[in-house]
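# Analysis of the macromolecular model
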Amino acid sequence: MLRIEQLTKTFGRNTAVDAATVAVDKPMMIGIIGRSGAGKSTLLRMLNRLTDHTSGRVSCEGREVTALRGAEKRAWQADCAMIFQQFNLVPRMDVVSNVLHGTLNRRSTLATLFNLFPAADIHRAIDILDRLGIAEHAPKRAEALSGGQQQRVAIARALMQDPKIILADEPIASLDPMNAQIVMDALRRIHEEDGRTVIANLHTLDTARRYCDRVIGMLHGRIVFDGTPEQLTTGVARDIYGADAGFSEAATSTAIEPVETAPERAVHGAKAIV
Ligand SMILES: Nc1ncnc2c1ncn2[C@@H]1O[C@H](COP(=O)(O)OP(=O)(O)OP(=O)(O)O)[C@@H](O)[C@H]1O
């Protein structure tokens, strides 16, 4: 499905991502972990073509992503939607209009400029907000919502593009533990119910272990671990974080409690956001 081969990015003499190679053969939820500066954001931004690569290649279902230009590149960016730590909403614009801007890639500039949206798109936007548990906030300005609600608006905007892949760059880094859980539950449900691949950069080990089917660890631009949460032992984590014997997992914890099994998580998620 998605192939990343020897993908490299250098900024001057600094190699931010060093020959990253990853194959994703079926939809899954992948967490990327590593200390600050390990290259996680740069890797995601190259996948989405927000940052140009230096060498290597990304391909997806026959498309050579790293070679796309113009309209084809924009179509890829719709198939591979990205959400960010700071939500990147238009603060003074109402929630539903923010979500409708997810259709930007396939609309004329004039229609977008005057906020002219087809009724079918407006209904779909409200359905998506409803699914994420925030439909009642649709007429409010985005800036009036809490951080967790704003991140769900950003997820709704991404879903408006009907993407195959959702890239999330530190989606919960600005949120308190309760909102972090609601947002992670939403991403997990989107993966399980829609079959979309979710690739999320995560600051914390416990979140990666709890929500992801697969964890990729980066250190100094290189992928140093690629395995299941079960394989991610404390010793492996210590290597990924480049820490010494005094390494404590608690230092990378968001303390999302209590830890649940996958089926419990699905039920809990449904309760929390529907
Ligand atoms: N636009 C840029 N110009 C120059 N150097 C950059 C740029 N973007 C990233 N870097 C450098 O590339 C390296 C990897 O940065 P990146 O942001 O990808 O790491 P990260 O793992 O996402 O870190 P964090 O968790 O702090 O966001 C760092 O050394 C960073 O300083």
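The residue numbers shown here count from 1 along each chain, following its written sequence. It should be noted that, the model being predicted, local features are given only for residues of pLDDT at least 70 and side-chain atom pairs only at 80 or more, the latter also being counted only at that level, while totals for whole chains, interfaces and linings use all residues. Each side-chain value is worked out from all heavy atoms of the structure, with water and hydrogens disregarded.

For the chain, the name recorded in an unreviewed UniProt entry is Phosphonate ABC transporter, ATP-binding protein, with Pseudooceanicola batsensis as its organism.

We now examine the overall build of the chain. Segments assigned H or I by DSSP are reported as helices when at least four residues long, segments assigned E as strands when at least two residues long, and all are numbered from the N terminus. When its secondary structure is counted, the chain shows ten helices and ten strands. Relative accessibility decides the category of a residue: with a 1.4 Å probe and only protein chains considered, values under 20% of the type maximum give buried, values over 50% give exposed, and everything between is partly exposed. Counting all 274 residues of the chain, 51% fall into the buried class. Put simply, 70% of the contacts in the chain that link residues at least 6 apart link residues at least 24 apart. When the accessible area of the chain is evaluated, it comes to approximately 12300 Å², of which 53% is carbon and sulfur surface. Residue contacts are counted whenever heavy atoms from the two residues lie within 4.5 Å of one another. Accessible areas in this description were obtained via Shrake-Rupley with a 1.4 Å probe; residue shielding takes into account the shown protein chains only.

On to the sheet that holds strand β4 (residues 55-60), then. By the convention used here, strands pair only if DSSP detects at least 2 bridges between them. Ordered in space as β2-β1-β4-β5, the four strands form an open sheet in which the pairing is antiparallel. Taken across any chain shown, the strands that pair with only one partner, and hence form the sheet edges, are β2 (14-24) and β5 (63-64). By the bridge criterion, seven bridges tie strand β1 (residues 2-11) to β2 in an arrangement that is antiparallel. Its bridge partner being in β2, Lys9 is matched across the sheet by Val17. Between N-to-C directions, angles cover 0 to 180 degrees, with each direction set by a line fitted to C-alpha atoms, over the stretch in contact for helices. Those strands touched by helix α1 (residues 40-47) are β1, β2 and β4, and its axis lies near 120° from that of β1.

This part is about the pattern of salt bridges. A pair is scored as a salt bridge if a Lys or Arg side-chain nitrogen falls within 4 Å of a carboxyl oxygen belonging to Asp or Glu. A complete count under the given rule lists 16 salt bridges for this structure. Arg141 serves as the salt-bridge partner of Glu143, at 3.0 Å between the closest nitrogen and oxygen. Notably, a salt bridge pairs Glu193 with Arg189, separated by 3.1 Å at the nearest N-O pair. Of this pair, Glu193 and Arg189 both sit in helix α7 (residues 177-194), four residues apart, which is roughly one turn of that helix. Under the relative-accessibility criterion, Arg189 is labelled buried at 10%.

The buried fraction of α1 amounts to six of the eight residues, a majority that puts the element mostly inside the structure. Turning to α1, its buried residues number three or more, namely Lys40, Thr42, Leu43, Leu44, Met46 and Leu47.

It is worth spelling out the site of the ligand at this point. Taken together, 13 residues lie around the ligand, and Ser36, Gly37, Lys40, Ser41 and Thr42 are the ones closest in. One nitrogen or oxygen atom from the main chain of Ala38 is found 3.0 Å from an oxygen atom belonging to the ligand. Polar contact is the term for a pair of N or O atoms within 3.5 Å; when the atoms are in protein, one must be able to donate a hydrogen and the other to accept it, and sequence-neighboring residues count only if both atoms are side-chain atoms. Ser41 is positioned such that a nitrogen or oxygen atom in its backbone is 2.8 Å from an oxygen atom of the ligand. In isolation the ligand exposes 630 Å². Once the protein is present, 59% of that is buried. Taken together, the elements giving at least two residues each to the shell around the ligand come down to β2 and α1. The residue inventory of the shell around the ligand, partitioned by class, reads three nonpolar, seven polar and three charged. We call a residue near a given molecule or strand whenever any one of its heavy atoms falls within 4 Å of it. Charged means Asp, Glu, Lys or Arg here, nonpolar means Ala, Val, Leu, Ile, Met, Phe, Trp, Tyr, Cys or Pro, and polar covers whatever is left, Gly included.

The geometry of helix α5 (residues 119-131) relative to helix α6 (residues 147-160) is characterised by a closest axis approach of 9 Å and an angle of 135° between their N-to-C directions. Classified by the angle their axes make, α5 and α6 are oblique. You can see that α5 and α6 cross each other, and the crossing is right-handed. Counted together, Asp121, Arg124, Ala125, Ile128, Leu129 and Arg131 of α5 and Ala156, Leu159 and Met160 of α6 form the full contact between these two elements. Tallied by class, residues from the contact of α5 with α6 come to six nonpolar, no polar and three charged. In these notes the angle categories are as follows: under 35 degrees is roughly parallel, over 145 is roughly antiparallel, 65 to 115 is roughly perpendicular, and the rest is oblique. Should the near helix be turned anticlockwise from the far one by less than a right angle, the crossing is left-handed, and should it be turned clockwise, the crossing is right-handed.

Before going further, it helps to spend a moment on the side chain of His137. Its place among the elements puts His137 in the loop between α5 and α6. For His137, a relative accessible area of 10% puts it in the buried group. Side chain to side chain, His137 and Lys140 meet in a polar contact 2.8 Å long. What His137 contacts, discounting residues up to four positions off in sequence, is Val95, Leu145 and Gln149.

Take the sheet that holds strand β9 (residues 214-219) next. The strand order β6-β7-β8-β3-β9-β10 describes an open sheet built from six strands, whose pairing is mixed. The strands lining the two open edges of the sheet, one partner per strand, are β6 (80-84) and β10 (222-227). With direction set aside, neighbouring strand axes in the sheet form an average angle of 20°. Pairing of β6 with strand β7 (residues 165-169) involves five bridges; the strand directions are parallel. Residue pairing for β7: Phe84 is matched across the bridge by Asp169. Packed onto the sheet, helix α2 (residues 70-79) meets β6 and β7 and runs at close to 60° relative to β6. In this fold α7 packs onto β3 (29-33), β6, β7 and β8 (197-201), with an angle of close to 135° to the strand it touches most, β3.

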